[in-house]
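Coordinate inspection notes
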Amino acid sequence: MSGNRDPRSGQPPKAKTKCQNVSHQSDTHHRPHPRVMKLIQRLRKIINEYILQLESRHQQEDLEQEEQQHSQNIRDQEAILVHLMCEVVNLLHSGASSSLELRLPRLSLDSRGGAGGGQQAQSSREPDQLSHQLSDSETAFISCDLSNRGIDLSALYKSNLQDFIAYQGDKYHEDKNTSGFINLGLSENKLCIDLLTERLSRSDMNYIDDDLLQYPDWRGHAFLREEVARFLTYYCKAPDLLVPENVVVLNSSLSVFLTLTMVLCDPDDAFLIPTPFYSGLTLTARLYSKVELIHVHLQRKITEADTQPFQLIVDKLEKALLEAKFKGKKVRGLVLFNPNNSLGDIDSLDSLKEYLEFAKRHNLHVIIDETSMLSEFRESIPFHSVLNMKSLPDPNRTHVIWGTSKSFGISGFRFGTLYTHNKEVVSAVGAFGFLHGISGITQHKLCRLLQDREWIDNVYLPTNRSRMQEAHRYITNKLKTMKVPFVSHGSGLYIWVNLKEYLDPCTFEEEQLLYRRFLDNKLLLAPGKAYMCKEPGWFRLTFSDKPLRLKVAMQRFSEALTDKKQNWIEKQVEDALVESVSSPSSSSSSSSSSSSSSSSSSSSSSFVNLDSSHF
Amino acid sequence: MATLPKKESRAPTTCLGLDTNYGDGLERERSRKPDHKRPEHYGVGDPTTTFSSDSSHLSSRGRISKWFWDSAEEGYRTYHMDEYDEDKNPNGIINLGTSENKLCFDLLSSRLSQSDMLQVKPSLLQYPDWRGHLFLRKEVARFLSFYCRSPAPLKPENVVVLNGCASLFSALATVLCEVGEAFLIPAPYYGAITQHVYLYGNVRLVYVYLDSEVTGLDTRPFQLTVEKLEVALQGANAEGVKVKGLILINPQNPLGDIYSPGELRQYLEFAKRHELHVVVDEVYMLSVFEESLGYRSVLSLERLPDPQRTHVMWATSKDFGMSGLRFGTLYTENRDVATAVASLCRYHGLSGLVQHQVAQLLQDRDWINQVYLPENHARLKAAHTYVSGELRALGIPFLSRGAGFFIWVDLRKYLPKATFEEERLLWRRFLDNKVLLSFGKAFECKEPGWFRLVFSDKAHRLRLGMQRIRKVLTGTLRVAEDPPSSRTQEPRGQHI
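Residues numbered from 1 in each chain as written. Chains lettered and ligands numbered in written order. Predicted model: local features only at pLDDT ≥ 70, side-chain atom pairs only at ≥ 80, totals over all residues. Heavy atoms only, no water.

**Notes on the packing of aromatic side chains**
- Across all of its chains, the model carries 41 aromatic pairs over all chains by this definition.
- A ring pair is formed by A:Phe377 and A:Phe543, whose centres lie 5.5 Å apart and whose planes are at 75°; its orientation type is edge-to-face. Taken together, the residues A:Phe377 in the loop between strand 6 (365-369) and strand 7 (398-403) and A:Phe543 in the loop between strand 13 (538-542) and helix 23 (547-578) connect sequence positions 166 residues apart. A:Phe543 carries the same exposure label as A:Phe377, and that label is buried.
- Three or more aromatic residues joined by ring pairs form one cluster here, namely A:Phe231, A:Tyr234, A:Tyr235, A:Trp402, A:Phe408, A:Phe415, A:Trp455 and A:Tyr460.
- The residue whose ring lies beneath A:Lys522 is A:Phe181, and the NZ or CZ to ring-centre distance is 4.9 Å.
- Lying across the ring of B:Phe135, B:Lys121 places its NZ or CZ 5.9 Å from the centre. (Phe/Tyr/Trp six-rings, centres within 6.5 Å; stacked < 30°, edge-to-face > 60°. Helix = DSSP H or I, 4+ residues; strand = E, 2+ residues; numbered from the N terminus. Buried < 20%, exposed > 50% of the residue type's maximum accessible area, 1.4 Å probe, protein only. Lys NZ or Arg CZ within 6 Å of the ring centre and 35° of its normal.)

**Focus: the side chain of B:Glu239**
- In this structure, B:Glu239 sits in the loop between helix 9 (226-238) and strand 6 (243-249).
- Within the local environment of B:Glu239, its side chain forms a polar contact with the side chain of B:Tyr42, the two groups lying 2.7 Å apart. (Polar contact = N/O pair within 3.5 Å; in protein donor to acceptor, adjacent residues only side chain to side chain.)

**Thoughts on the sheet that holds strand 4 (residues 182-187) of chain B**
Residues and elements named next belong to chain B.
- Spatially, 1-5-4-6-7-8-9-3 is the arrangement adopted by the eight strands of the open sheet, whose pairing is mixed. Only two strands of the sheet have a single neighbouring strand rather than two, namely strand 1 (42-44) and strand 3 (159-162). Neighbour-to-neighbour, the strand axes of this sheet turn through a mean angle of 25°, independent of strand direction.
- Two strands pair when backbone bridges link them, and strand 3 and strand 9 (residues 328-332) are joined in this way by four bridges, in the antiparallel orientation. (Pairing = 2+ DSSP bridges. Axes fitted to C-alpha atoms, helices over the stretch in contact; angles between N-to-C directions.)

**Digging into the sheet that holds strand 11 (residues 406-410) of chain B**
Residues and elements named next belong to chain B.
- Spatially, the four strands line up as an open sheet ordered 10-11-14-13, and their pairing is antiparallel. Each end of this open sheet is capped by a strand with a single partner; those strands are strand 10 (398-399) and strand 13 (438-439).
- Sheet topology note: the strand 11/strand 14 (residues 450-454) ladder contains five bridges and is antiparallel. Residue valine 409 lies in a different strand from strand 14, and its bridge partner there is phenylalanine 451.
- Most of the contacts of helix 15 (residues 420-432) go to strand 14, to which it runs at about 30°, and overall it touches strand 13 and strand 14. (Contact = heavy atoms within 4.5 Å.)

**Re the interface of chain A and chain B**
- Taken together, the contact between chain A and chain B spans 107 residues of the former and 103 residues of the latter.
- Taken over both partners, the interface formed by chain A and chain B buries close to 9,000 Å², and the fraction arising from carbon and sulfur atoms is 56%.
- One can count one salt bridge joining chain A with chain B.
- Between B:Arg309 and A:Asp145 there is a salt bridge whose closest N-O contact spans 3.1 Å.
- Across the contact surface, chain A and chain B share 52 residue pairs in polar contact (both at pLDDT 80 or more).
- Here the side of chain A that touches chain B is built from residues that sort into 44 nonpolar, 39 polar and 24 charged. (Buried area = accessible area lost by both parts, 1.4 Å probe. Salt bridge = Lys/Arg side-chain N within 4 Å of Asp/Glu carboxyl O. Nonpolar A, V, L, I, M, F, W, Y, C, P; charged D, E, K, R; others polar.)

**Section: the pattern of salt bridges**
All names here are of chain B.
- Within the structure shown, the criterion is met by 40 salt bridges over all chains.
- The partner of arginine 401 in a salt bridge is aspartate 257, and the shortest N-O contact between them spans 2.4 Å. You can see arginine 401 sitting in the loop between strand 10 and strand 11 and its partner aspartate 257 sitting in the loop between strand 6 and helix 10 (261-273), a full 144 residues away along the chain.
- A salt bridge links arginine 412 to aspartate 410; its shortest N-O distance comes to 2.9 Å. There is no split in this pair, since arginine 412 and aspartate 410 are both buried.

**Quick look at the UniProt feature "domain: Aminotransferase class I/classII large" (unreviewed entry) in chain B**
- On the UniProt side, "domain: Aminotransferase class I/classII large" (unreviewed entry) is annotated at positions that read residues 94-455 of chain B here.
- Here residues 94-455 of chain B is 39% helix and 16% strand, with 11 Å between the C-alpha atoms at its ends. (UniProt positions renumbered as here; feature names shortened; annotations may be inferred.)

**Describing the confidence of the model for chain B**
Residue and element names in this part refer to chain B.
- Across chain B, the average pLDDT comes to 87, with 87% of residues at or above 70.
- This model gives residues 1-38 a pLDDT under 50, and the stretch forms 74 contacts once residues within four places in sequence are excluded.
- Reported confidence for the predicted complex is 0.86 by ipTM and 0.80 by pTM. (pLDDT = per-residue confidence, 0-100.)

**Some thoughts on helix 9 of chain B**
Residues and elements named next belong to chain B.
- A rise of 1.5 Å per residue sets the reference length of helix 9, with its 13 residues, at 18 Å; its end C-alpha atoms lie 18 Å apart and thus fit the reference within 8%.
- With respect to burial, helix 9 is a largely interior element, 10 of its 13 residues being buried.
- Along helix 9, the positions that sit buried rather than exposed are Val226, Lys228, Leu229, Glu230, Val231, Ala232, Leu233, Gly235, Ala236 and Asn237.
- Just past helix 9, the residue glycine 240 takes up positive phi, approximately 80°. (Expected span 1.5 Å × (residues − 1).)

**Details of the nonpolar core**
- Core analysis: the largest hydrophobic core is formed by 314 residues, its most contacted members being B:Leu184 and B:Phe320.
- Among the elements that take part in this core, helix 7 (residues 165-176) of chain B stands out by supplying nine residues, more than any other.
- If we ignore the near neighbours within four places in the chain, the residues touching B:Phe320 are B:Leu108, B:Phe143, B:Trp314, B:Leu361, B:Leu362, B:Trp367, B:Ile368 and B:Tyr372.
- Counting residues in each nonpolar core, the second largest holds six residues, with A:Val487, A:Ala526, A:Tyr531 and A:Trp538 among its members. (Core = buried A, V, L, I, M, F, W, Y, C linked by side-chain atoms within 4.5 Å.)

**Things to note about the packing of helix 16 (residues 314-326) of chain A against helix 17 (residues 349-361) of chain A**
Residues and elements named next belong to chain A.
- Relative orientation of the contacting elements helix 16 and helix 17 amounts to 25°, with a least axis distance of 10 Å. Classed by the angle they form, the pair helix 16 and helix 17 counts as roughly parallel. In this structure, the crossing between helix 16 and helix 17 has a hand that is right-handed. Residue-level contacts link Val314, Leu317, Glu318 and Leu321 of helix 16 to Glu354, Tyr355, Phe358 and Arg361 of helix 17. (Parallel < 35°, antiparallel > 145°, perpendicular 65-115°, else oblique. Left-handed = near helix turned anticlockwise from the far one by under 90°.)

Here you go:
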C-alpha cells in the first residue's frame, strides 16, 4: 500500500493554502460568496462530465437509441452549463464580487485537491441515461457539500421520487380525499390488507423477550431462519429439506439483491438481465453497488422461436454474453425474475433449467428473484421455484431471493431473504447484515406469520387468489372494452398495457408526456422506460387494489386517454391542413433501435394476435 | 522492546502502513531509520490491503466483507455458541465485550407490551415515506428538542429515520465522500465504523491517535485537541488522502469520556476552517449517569459554526438498551444531505410497526423521565461502582468518567511485551476462561494493552465475570523483564 501512495506524497500539502485564505470575517460579511463558490464548483463538475461525455462518444455502441440518448445528455449538460454561467454572471453583477479575487485563486488550487479518489470516482460515474434523468434544472443547484454520488442520490430523490412523495402526501380516500392520487404504478398488493391487519393483531404476535431486544445474529435470528427454511421447503416444493444455514434474512428483497451484487461483483462488473425488469434494480446497481446491468432486450414480436411475447430464450442470452465479452465487460452472472416482476410471466421448469445450464456453461452466477411467488392466481399455470429442482446445475452459483412484500402484500414490513448453498456468499452477505437488519420484534412476527400454515392455506391464499382474479377480470374487461392491448400471464400483480397507439410520435418523450397526463388525472402508472423496455408505449398497471379504487382509477385512465386521443385527432387535422412534407416515419424510426424498427412495420398486425391470445 | 511514543515532536510521520500492522512493534521500529524515532500522530486506514479472505466465488469487495464476517467469528460467535445461562449453561461465556445495556429489559418489556404498542394499521404495512413515517419524524424532532435542549424546536424535515446508526454511517459516507476519500476520527474509537463507512462507501478513516500519557497542555489522558486534528489532517493531505469530514463520538466510545461545550465548539470551528463535515454520534447521550459531568449535545449549542455541515445521529440501541430494535436517526439542517440519505433509505428501512412503537416510546415523556431514566441511571451507577471497585482492588488502572456502558482498562502491565500480539493472547486467555472482552486494537488504540470492559450487565453475571478476569490476571502477573515505569503509571486522577 505504500507503493500506492508514493507518487502522490510529492505533492505539496494543500491544507496550508486553505488555512491562509480563510478568515472568519470574510465568511460572515459576504453572504453571496458560498453561493458563487458552489456555482463554480458545480460548473466544474458539469464541465468534467461534459468532457467525459464527449470522450466516451466513440466507445458507445452504435445503436441508434443509445446514440440519441447520448446526444440528449450532451444537450442537457450544455443547457445546464449555460444556465450556470448566467447565474454566476448575475451574482457577480449583483455585487458579490468584492473579495472574490482572494478566493478564486484558492479555488483553482483546490480544484485539483480531489486528485486521488475524486477523479477516479468521477470517471467511474456512468455518463448515460441516469445523468440524463437527473439533469433537470433542480439538480444543478444541489449543494456541493455532497459527493458526486450524493448529488445523484439527492437528485434522484427530488426527481424520480417526487411523484411518489406527492402520492404519499395526497392519497385517495373514498370519503376524505376523493381527488387524491391513486397509485397503480406501485408494486403493492392492497387486496388483503384487512386479513393481514387482523392476523398481525392477534395475541401471538405480541411477544417480547430479552433476546429480541439485543443484537441479533446478523444473518437473522435462528428461529426465523429455521422457519424460513421450513416455509420455502413447503411452498417451493423442495425435494429435500432446505436448511437454515443457507438462509440470510435482510430488510427487503431489494437489499438482498444489492448485497449479492456487492459480494459477487466489483465495480463495473456486469450482470445480464432480461428486459423489462423491475426499475428499482437499475438505481440499485448504478447508485449503490456500481454494477452494470446488461439488458437482454426481448422482442415483442411473435416469431417462430418465441411462442409468447417477451419470451426469454437462451440464444438471446448467448448472444448478449458474447457481445458483452467482445466489449471487454466482465460478466459475473444473470438476474432472473420468476414470476417475472413486470410481466407476470412464469417460467416453465424446462426453460428454467435451460437458463441455469447456460449460466453453468459460462460459470455465471444466477440471482433468481422469486418474490412474486404465491401470487399466481390462475392454477392452470403452475409456478415452479428453482428450489423445486431435483438437482441444481450449479448450486454454488444459484442464489434465490424471496420476500413478503408481494406474496403477503406487506411491503411496509421490510423483509427479504436469501437462500444459497454457497457458504462464502452466506458469510459475505452476512457481513452486510448489520446495515440491513430487521428488528427482533418484527422477526418474531414474521416467524409467527410464516408458521401459520393453516391460516395461509385456508384463509389467506384462497381469499387473496379470488380477490386477485376478480380485480384482474375487472381491469382486463375494461381494457378490452377500450380496445387497449395488454399482456398478462396470470401471475404477479400487474398487467402490461400497450399504449403505443396513443403516442405520436412513438418516442419515450411522448411516453413520459402520457405518464404526466395520467398524473394530471391523479393516476400513477409505471412507464415502460423505467423498466428498460426497449419500445416506447408500454405501461405497467398494478391491478391488486380495492374494487372501488380500481373503478375510479379506470375512469381516470379512460379520461386521460380520451383527452389524448382528442388532441391527437386535432393535431392530425392540423397537420393535414398545413400539408407538411415531413413524414411521420422518420420520427418514429429514430426512437426505436434498428432491430426492432424493422419489425415495427408489422406491429399493428401482431398486436391483434397479441390481444386475442391473451384475452 | 518498543518504547511508548512520546510527544517530543509533532511532525507528521510519513511512515506508511503502520496502522495496518498487527505484527511485532520491534520489527516496526527496525524498519524505520534508527535515529528518527518519530511518534505516530495519525494513521490512514486501508481496508483493501489489510483485509481479505480466500474465495473462488466472491468479488474482491465480497472477499473483504467475508473477512469482516470471519474476523468476528472468534469472539462474537464463539460467545453465541456457548452463552452463559444461570441455569442451563453456568459454565458458558460471559459477554463483557459487546456494548449493550442489559440492565433494564424488565422495564422495556413491560412498556413495549402495553396496548398502545400493539396497534396494527394498514398504512403501517405498506410502503412508507422513505425518510420514515411523518408521525415518527415529528416525534423524533420533539424528543431531540427536549433531551438535547436545543435552543429552538428541531424540525421533522431535518429528520431521516433508518434501521440503525451503522446504516447511517454507511449512508453518510456514501453521500459525503467519493470513493477513496476519508473521515478523520480520534482513536481509540468504536471500531465497527471502519466497516460501516467502507462496505458501501469505500470511504476510509484517518485516525487521530490519542495518547494515554498526559503531556503538554492536556488535562486528561487520551485528550483530543485541535492541534492533533490539524496534524492528522495535514499528514493525510500530504499523503494525498482527501479528507471530507470529522467523526466525533460524544459521549465517547470506548473512553466513556465526554467533550465539554467549549471543546466541542473548538472541533467544530476547526472543521469549519477546513470545510469539513462533522458527523456527531450521540448514541450514548442519555446514558450519562454522572450528572455532574454536565453533558451537552451539539444540538444544544446556541449557534453551530457550520450548520450545513453538521450532522447528528442518535439511536435507541444504547440509550434505550435495545440494539435489537434497529432504529437510528439523522438530524441535519442540510436538505441535500437529508434527501440523499433518504434515497438510500429504501435499503435501510425499518418496519412500519416498529416505527409506530418507537414513536409511542419517545412520546411517553412521563415514563421516560419518571420511570426509565432514573432507574436506568441508578442501575448503571451501581454496576459501575461494583466493577470499578473490583478493578481498584486488583490494582488495575482504568478510565471512566460516568458516561456509557464501559470502562477503558489499562492492562499494559500484564503484557510480557508491548505488542498487539500479546494483547490478543491475553484476550484469548480471557475467552478461554469464559469471559469476552474487547481488546484495544479493535478500537485502533495505538498502545497495546488496553481493553474495554462493559459493566451494564446483571449483578450475578458481573460477579462471575470479574471472578474470571481476576483468575486470568492473577495467573498472568509474572510480568515480563523490567517493565518501563510509564507502563504501570496510572492515568492521572481518572479513577472514579
